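Overview (structure and organization)
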Amino acid sequence: MSDWRMRLAGDAAVTVAFEPRIDPVINARVVALAAGVRAARHPGVRDVVPSYCAVTVYFDPLRTDLDRLWAALEEAAAAGVEAAGPAREVVVGVRYGGAAGPDLDEVQRHLTLGQSMKYEFTDD
């Protein structure tokens, strides 16, 4: 038994769904599947939309051989994540106030946040 399911989503879309939970391994499979479907350039495919645990493939039913697309999606979903490569981590530093946000007090007063809340920031 596979750990994913496919279903029609109307008359012009197919969804491949993995276990509905937020998980880096599941998401890597979703990303790899979406990339593979895009790269395959199946005739009539209009859009490939990944989510945290599923990929929906939108297609033109007049230009797409649904049986071929279905078989290709089954094969790609079963193949797993080998082609995805290693995940990368992106760290985005954030600074508020002080030299990094000299207008913060003015913006706070303009939005009337200063009356009910007071924010303090340091230049660490």
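Let me sum up the structure you'll find in this document. In this text the structure is predicted, and so the values were computed from the model without any measurement.

What follows concerns the overall build of the protein. Scanning the protein from N- to C-terminus turns up three helices and four strands. The order of helices and strands in the protein, counted from the N terminus, is β-β-α-β-β-α-α. In the protein, which comprises 124 residues, the share counted as buried stands at 25%. Put simply, 52% of the contacts in the protein that link residues at least 6 apart link residues at least 24 apart.

The subject of this paragraph is the pairing of strand E2 (residues 13-18). Counting buried positions along E2 yields five of six residues, so the element is predominantly enclosed. Looking at chain direction, strand E1 (residues 4-8) and E2 are connected through five bridges and run antiparallel. Along E2, the bridge assignment pairs Arg 5 with Ala 17.

Formed by 18 residues in total, the largest nonpolar core has its most connected members in Val 16, Phe 18, Val 55 and Leu 73. Of all the secondary-structure elements, those providing two or more residues to this core are E1, E2, helix H1 (24-40), strand E4 (54-59) and helix H2 (66-79). Sort the elements by how many residues they give to this core and H1 lands first, with five residues. Residue contacts for Val 16: discarding those within four places in its chain leaves Trp 4, Arg 5, Met 6, Leu 33, Cys 53, Ala 54, Val 55, Leu 73 and Ala 77.

Turning our attention to the environment of Ala 13. Looking at the secondary structure, you find Ala 13 in strand E2. When its relative accessible area of 2% is taken as the criterion, Ala 13 is described as buried. Residues within four places of Ala 13 in sequence aside, it is in contact with Arg 7, Leu 8, Thr 56, Val 57, Tyr 58 and Phe 59.

It is worth spelling out the pattern of salt bridges at this point. Per the counting criterion, the structure on display carries four salt bridges. Each member of the salt-bridge network shares a partner with another, and the members are Glu 19, Arg 21 and Asp 23.

Here is what the cut-offs are and how they apply
- Residues numbered from 1 in each chain as written.
- Predicted model: local features only at pLDDT ≥ 70, side-chain atom pairs only at ≥ 80, totals over all residues.
- Heavy atoms only, no water.
- Helix = DSSP H or I, 4+ residues; strand = E, 2+ residues; numbered from the N terminus.
- Buried < 20%, exposed > 50% of the residue type's maximum accessible area, 1.4 Å probe, protein only.
- Contact = heavy atoms within 4.5 Å.
- Pairing = 2+ DSSP bridges.
- Core = buried A, V, L, I, M, F, W, Y, C linked by side-chain atoms within 4.5 Å.
- Salt bridge = Lys/Arg side-chain N within 4 Å of Asp/Glu carboxyl O.

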